[in-house]
Amino acid sequence: MSVDVLPGTSTTEEVRKDPLGDAHRQLRAACDRLGLDEGTFAMLATPRREMTVSIPLRRDSGEVEVLIGHRVQHNFSRGPAKGGLRYSPEVDLDEVRALAMWMSWKCALLDVPYGGAKGGVRIDPRNYSQAELQRVTRRYASEISPIIGPAHDIPAPDIGTDESTMAWIMDTYSVSSGHTVLGVVTGKPISLGGSLGRAMATSRGVVEVALAAISSTGLDPRGTTAAVQGFGKVGRGSAVLLAEAGVRVVAVSDQYGGVRDPQGLDIAALCAHVDATGSVVGFGRLTEISNEDLLELDVDLLVPAAVEGVIHEGNADRIRARLVVEGANGPTSTRADELLRERGVLVVPDILANAGGVVVSYFEWVQANQAYWWSEDEVNQRLAERMLLAWQRVHERATTDQTTLREAATCIAVERVAAAHQQRGLYP
């Protein structure tokens, strides 16, 4: 099971504690710019539904422990709620609330007919067997089953979860329904109704937008250098695809540390090393580097693809990349955003850059509901079209309004969700 978890440090722990504050500040700025009233802000800042559940787990040893899980549905004015499920020791309710809100904006920005949701269980999956993780997943799925379903809320993989997790949720939900319900989750194995192209979708979206952003700055991808923090689901695929596009990936890292080669890493060989050892550390005789130092390398492109809050007020002035493309959710704090803008660093926000996963999740849901499957080429082509169209709209809005890409993207998304609220009206 791939886990994009980086250990906390004294310099990042404080900012990683306030993702909800960052989400609210971004929303407030968008509402002010759009001229939305206080009532609209309050509706958009408040999740529509939350569920917290206890998950009793019988360990393989026979001992019983109780875990805590959450599911937050931020908004479903534009369609069913949609969002990932993460297993991480860092999970708390405010984090899940923030991630659910960002999912609402992400879906609206990419014009996917969903609202935002997120789930999480406070657990370090590295310390549990597959059998234990299956029991956790099935009990969690059973507990939240009243509020999920293909027309209500569709979970997907996130940090610490994968296609096996989704298969267990689908089976648990299907058993209680009395028939197989393929559309209850996305990110499933291909043999159980998963979509071709889903595994690399988020990474592919990151790279499509990164290449467009590189071109917008006048750089040639083949002369561009990049560093990728996080070598799990998103970071690994991003490094592979960047290298294929001719970008020289000079450093990568995971939760154990990182490696650097100014001449460019052999990404294919590095992937084989990770498959064999479980970490990028120890690859060849390369210089080892910490996650914090990787962020501050003198490169053209930085892809933070691990966790929230890694770029913050304490290190923003040392970020030397010309372009930051957010592969993770919320990797840049509000204050860091301001500092990077002052220094002329172009930041492509998470709700645009890493939206490829939800786009192909939407494709998977559509295919499951129609029982008709697309080829991988069709999936990738439709994904590229959506990502590049969203990039063009955000870039044009930022240029016209003289704002950052994040402000432009958030305004577009909030505007669409607010319009849906206003057009539906209030009940009763």
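Starting from 1, residues in each chain are numbered consecutively following that chain's sequence as written. Reporting in this predicted model follows two pLDDT cut-offs: at least 70 for local features of residues, and 80 or more for side-chain atom pairs to be given and counted; totals over whole chains, interfaces and linings ignore these cut-offs and use all residues. Values shown for side chains rest on all heavy atoms present in the structure; no hydrogens or waters enter the calculation.

Participant: How do you make sense of the overall build of the protein chain when you look at a structure like this?
Facilitator: The way it works is that DSSP assigns letters per residue, a run of H or I at least four long becomes a helix, a run of E at least two long becomes a strand, and they are numbered from the N terminus. For the protein chain, the helix and strand inventory stands at 15 helices and twelve strands. Over its C-alpha atoms the protein chain spans a radius of gyration of 20 Å, differing by no more than 12% from the 22 Å that the globule rule assigns to 428 residues. Note on classification: 1.4 Å probe, protein chains only; a residue is buried when its accessible area is under 20% of the maximum for its type, exposed when over 50%, partly exposed between these limits. Here the protein chain, with 428 residues, has 59% of them falling under the buried criterion. Whether two residues are in contact is decided by their heavy atoms, any of which lying within 4.5 Å being enough. Across the protein chain, the fraction of contacts at a sequence separation of at least 24, relative to all contacts at a separation of at least 6, is 69%. When the 43 basic and 55 acidic side-chain charges of the protein chain are each reduced to a single mean position, those positions are 3 Å apart. Here the globule rule is a power law, 2.2 Å times the number of residues to the power 0.38, and the radius of gyration is based on C-alpha atoms. Note that His is not counted, nor are the chain ends; the positive residues are Lys and Arg, and the negative ones are Asp and Glu. To locate a charge, the coordinates of NZ of Lys, CZ of Arg, CG of Asp or CD of Glu are taken.

Participant: Mind showing me how you'd approach helix α3 (residues 38-45) here?
Facilitator: At 3.6 residues per turn, the α-helix brings residues three or four places apart onto the same side. Restricting attention to buried positions, one finds in α3 the residues Thr40, Phe41, Leu44 and Ala45. Down the axis of α3, the buried set is contained in an arc of 130 degrees. They therefore lie on one face. Each element contacted by the buried residues of α3 is listed here: α2 (19-34), α4 (93-109) and α15 (405-424). Distance and chemistry together define a polar contact, namely a pair of N or O atoms within 3.5 Å, with one atom able to donate a hydrogen and the other to accept it when in protein, and with adjacent residues in sequence counting only for side-chain atoms on both sides. Residue Asp37 occupies the N-cap position of α3, its side-chain oxygen lying 3.2 Å from the main-chain nitrogen of Gly39. Within this analysis, the arc is defined by the directions that extend from the helix axis to the C-beta atoms.

Participant: How do you make sense of the packing of helix α7 (residues 201-216) against helix α8 (residues 233-244) when you look at a structure like this?
Facilitator: The geometry of a pair of packed helices is captured by two quantities: the angle between their axes and the separation between those axes. Here the axes come from fitting lines to C-alpha atoms, over the contacting stretch only for helices, and the angles between their N-to-C directions go from 0 to 180 degrees. Two elements in contact, α7 and α8, have axes separated by 8 Å at closest approach and are oriented at 50 degrees. Considered as vectors, α7 and α8 are oriented oblique to each other. As for how α7 packs across α8, the hand of that crossing is right-handed. Residues Thr202, Ser203, Arg204, Val206 and Val207 of α7 pack against Lys233, Val234, Gly237, Ser238, Leu241 and Leu242 of α8. These descriptions rest on fixed angle ranges, namely under 35 degrees for roughly parallel, over 145 for roughly antiparallel, 65 to 115 for roughly perpendicular, and the rest for oblique. Handedness of a crossing follows from how the near helix is turned relative to the far one, being left-handed for an anticlockwise turn of less than a right angle and right-handed for a clockwise one.

Participant: What is the right way to look at the pairing of strand β8 (residues 257-260) in this model?
Facilitator: Two faces belong to every sheet, and in a regular strand the side chains alternate between them. Strands are treated as partners if at least two bridges between them are detected by DSSP. Sheet topology places strand β7 (residues 248-254) next to β8; four bridges connect them, and they run antiparallel. Bridge pairing links Ser253 to Gly258 in β8. In this antiparallel pair of consecutive strands, β7 and β8, the connection spans two residues. Strand direction decides the pairing type here: β8 and strand β9 (residues 287-289), joined by three bridges, are antiparallel.

Participant: Is there a simple way to think about the sheet that holds strand β12 (residues 346-348) in this case?
Facilitator: Whenever strands of a sheet pair, they do so through backbone hydrogen bonds, lying parallel or antiparallel. Taken together, the seven strands give an open sheet; going across it, the order is β9-β8-β7-β6-β10-β11-β12, and neighbouring strands pair in mixed fashion. Each end of this open sheet is capped by a strand with a single partner; those strands are β9 and β12. Across the sheet, the mean angle from the axis of one strand to that of its neighbour is 20 degrees, orientation sign disregarded.

Participant: Would you mind showing me how to read the nonpolar core here?
Facilitator: For soluble globular proteins, nonpolar side chains are generally found buried alongside one another. What we call a nonpolar core is a set of buried Ala, Val, Leu, Ile, Met, Phe, Trp, Tyr and Cys residues that are connected through their side-chain atoms within 4.5 Å. Core analysis: the biggest nonpolar cluster contains 81 residues, and Leu27, Trp105, Leu109, Leu242, Val252, Leu301 and Val348 have the highest contact counts within it. Excluding residues that lie within four positions of it along the chain, Leu301 makes contacts with Ala210, Ile214, Thr224, Thr225, Ala226, Ala227, Leu242, Ala321, Leu323 and Val325. Among the nonpolar cores identified, the runner-up in size contains 24 residues, and Leu85, Leu133, Met170 and Val181 belong to it.

Participant: I tried to follow the packing of aromatic side chains on my own but got confused; where do I start?
Facilitator: One pair of aromatic rings is described through two measures. These are the centre distance and the angle between the planes. Note on aromatic contacts: the rings of Phe and Tyr and the six-membered ring of Trp form a pair at centre separations within 6.5 Å, being stacked when their planes are under 30 degrees apart, edge-to-face when over 60 apart, and tilted otherwise. One pass over the full model with this rule turns up five aromatic pairs. Feature note: the residues Tyr114, Tyr362, Phe363, Trp365 and Trp374 constitute an aromatic cluster, connected by ring pairs. The ring of Phe41 carries Arg28 above its face, with NZ or CZ at 3.8 Å from the centroid. Two limits define a charge over a ring: the Lys NZ or Arg CZ must be within 6 Å of the ring centre, and within 35 degrees of the ring normal. Directly above the aromatic system of Trp374 lies the positively charged group of Arg382, at a separation of 4.0 Å from the ring centroid.

Participant: I'm lost on the side chain of Thr202 in this one. Help?
Facilitator: Considering the arrangement of structural elements, one finds Thr202 in helix α7. The exposure class of Thr202 is buried, given its relative accessible area of 15%. Filtering out sequence-adjacent residues up to four positions away, Thr202 remains in contact with Val234, Ala353, Asn354, Gly356 and Gly357.

Participant: Mind showing me how you'd approach helix α5 (residues 130-144) here?
Facilitator: Multiply 1.5 Å by the residue count of a helix minus one, and that product is the helix's expected span. With 15 residues, α5 should reach 21 Å at 1.5 Å per residue; the first-to-last C-alpha distance of 21 Å fits that figure. Within the span of α5, buried status applies to Glu132, Leu133, Val136, Thr137, Tyr140, Ala141 and Ile144. Seen end-on, α5 carries its buried residues on one side only, within an arc spanning 165 degrees. Those residues of α5 that are buried lie in contact with β1 (49-58), β2 (64-73), β3 (81-88), β4 (115-122) and α6 (163-177).

Participant: Explain the packing of α7 against helix α14 (residues 376-401) to me, please; I cannot follow it from the model alone.
Facilitator: For the pair α7 and α14, the least separation of the axes is 10 Å and the interaxial angle reads 45 degrees. By the angle between their directions, the pair α7 and α14 is classed as oblique. Between α7 and α14 the crossing geometry is right-handed. Each of Ala201, Arg204, Gly205, Glu208, Val209, Ala212, Ala213 and Ser216 in α7 lies in contact with α14, whose residues at this interface are Asn380, Leu383, Ala384, Met387, Leu388, Trp391 and His395. Residue type decides the class: Asp, Glu, Lys and Arg count as charged, Ala, Val, Leu, Ile, Met, Phe, Trp, Tyr, Cys and Pro as nonpolar, and the leftover types, Gly among them, as polar. A breakdown of the residues in the contact of α7 with α14 according to their chemical character gives nine nonpolar, four polar and two charged.

Any link to function would need more than the numbers given here.
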